[in-house]
Amino acid sequence: MIPEFEPLREDEIQVILQSPVYVAILIAGADGKIDKSERKEAIEIARNKQSRSREQLADFYKLVGEQFEDNFNRLIDELPSGTDARIEAISTELRKLNFILPKIEKNFAVKYHASLKDLAKKIAEASGGVLGYLSVSYEESKLMELKMIKELG
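Everything quoted here is computed from the prediction, not taken from an experiment. Residue positions are given per chain, counting from 1 as you read along its sequence in written order. Totals for whole chains, interfaces and linings use every residue, but because this is a predicted model, local features are given only for residues with pLDDT of at least 70 and side-chain atom pairs only at 80 or more, for both listing and counting. Heavy atoms throughout the structure, all of them, feed into the side-chain values; hydrogens and water do not.

*Asks:* Any chance you could explain the overall build of the protein here in plain terms?
*Replies:* If you tally the helices and strands in the protein, you get seven helices and zero strands. A compact globule built from 153 residues should have a C-alpha radius of gyration of about 15 Å, and the protein, at 15 Å, falls within 12% of that. With respect to the principal axes defined by its C-alpha atoms, the protein has extents near 45 × 30 × 30 Å. Three labels apply to residues, based on accessible area from a 1.4 Å probe with only protein chains included: buried if under 20% of the type maximum, exposed if over 50%, partly exposed otherwise in between. Here the protein holds 153 residues, and 44% of them are scored as buried. A sequence separation of at least 24 residues applies to 80% of the contacts in the protein between residues at least 6 apart. Working convention for charge: Lys and Arg count positive, Asp and Glu count negative, and His plus the chain ends are omitted. Charge positions come from single atoms, namely NZ of Lys, CZ of Arg, CG of Asp or CD of Glu. Distance between charge centroids for the protein: 3 Å, based on 23 positive and 27 negative side chains. We count a stretch as a helix when DSSP gives it H or I for four or more residues in a row; a strand needs E for two or more, and each element gets its number in order from the N terminus. It is over C-alpha atoms that the radius of gyration is taken, and the globule rule equals 2.2 Å times the number of residues to the power 0.38. Throughout, a residue-residue contact means that at least one pair of heavy atoms, one from each residue, lies within 4.5 Å.

Shown next as structure tokens:
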């Protein structure tokens, strides 16, 4: 168990653990489809997070990484197939963090939020572009700031 999660209920911990998967699906599917290369890139970026994340988040990303691919594939199947409906469903899940993050140690919560935004940016940059130009699509750019999650003041 990650010490910062002690004040949380089990369902709240699950929201925190699933959020990187939701972010990956949100950005990878921003253009309306999630193809095999985007799935592969999202999974690879999440794996890299395990070894390259901030020290305080290393244990968290190891835990997330153990189930990331299975959760990614399962949630793609469970979420609505229509782009707008999928974005709304994911946004609803990510908004739950606005009630959960204030319950945990602030430094961890701030780093966690920044890490989700970094994950979104890396997936957006990896999933598009022509010869390295315009590598972030308009749809991705609207979503990658994760505005549905409030900044922790």
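There is more to say after this.
*Asks:* Can you help me understand the side chain of N71 in this one?
*Replies:* With respect to the element layout, N71 can be found in helix α3 (residues 58-78). Judged by its relative accessible area of 16%, N71 falls in the buried class. The residues contacting N71, other than those within four sequence positions of it, are Q18 and V21.

*Asks:* How do you make sense of helix α1 (residues 10-28) when you look at a structure like this?
*Replies:* Helical geometry: 3.6 residues make up each α-helical turn, so side chains three or four residues apart lie on a common side. Each residue after the first adds 1.5 Å to the expected span of a helix. Here α1 is 19 residues long and its end C-alpha atoms lie 28 Å apart, about the 27 Å a rise of 1.5 Å per residue gives. The seven residues ending at a residue and the seven starting there each receive a fitted axis; the angle between those axes is the bend at that residue. Within α1, the axis deviates most sharply at Q18, by approximately 40 degrees, and proline P20 lies no more than four positions further along. In terms of burial, α1 is largely enclosed, as 16 of its 19 residues are buried.

*Asks:* Please clarify how the packing of α1 against helix α4 (residues 83-95) should be interpreted in this entry.
*Replies:* Packed helix pairs are specified by the crossing angle of their axes together with the interaxial distance, meaning the distance between the axes. One can describe the packing of α1 onto α4 by two numbers: an axis separation of 10 Å at closest approach and a directional angle of 155 degrees. Viewed along their axes, α1 and α4 adopt a mutual orientation that is roughly antiparallel. Of the two possible hands of crossing, α1 and α4 adopt the one that is left-handed. Contacts between α1 and α4 involve V15, S19, Y22, V23, I25 and L26 from the first element and R86, I87, I90, E93 and L94 from the second. Residue classes in the contact of α1 with α4 are distributed as eight nonpolar, one polar and two charged. Between N-to-C directions, angles span 0 to 180 degrees; the directions come from axes that are lines fitted to C-alpha atoms, helices contributing only their stretch in contact. Roughly parallel covers angles under 35 degrees, roughly antiparallel covers those over 145, roughly perpendicular covers 65 to 115, and oblique covers all other angles. Left-handed describes a crossing whose near helix is turned anticlockwise from the far helix by less than a right angle; the clockwise case is right-handed. Lys, Arg, Asp and Glu make up the charged group, whereas Ala, Val, Leu, Ile, Met, Phe, Trp, Tyr, Cys and Pro make up the nonpolar group; the residues left over, Gly among them, are polar.

*Asks:* For this particular structure, what's the right way to read the packing of aromatic side chains?
*Replies:* Aromatic ring pairs: the centre-centre distance and the angle between the two ring planes describe each pair. Here a Phe, Tyr or Trp ring, Trp counted by its six-membered ring, pairs with any other such ring whose centre lies within 6.5 Å, and the pair is stacked when the planes are under 30 degrees apart, edge-to-face when over 60, and tilted otherwise. Applying the stated criterion across every chain, the model contains five aromatic pairs. Each ring, one from F5 and one from F60, has its centre 6.2 Å from the other, and the planes form 85 degrees; the classification is edge-to-face. Of the two residues, F5 is situated in the segment before α1 and F60 in helix α3; the sequence distance between them amounts to 55 residues. Classification of F60 by relative accessible area gives buried; the value is 0%. When the centroid spacing of 5.9 Å and the interplanar angle of 25 degrees are considered together, the rings of F68 and F72 count as stacked.

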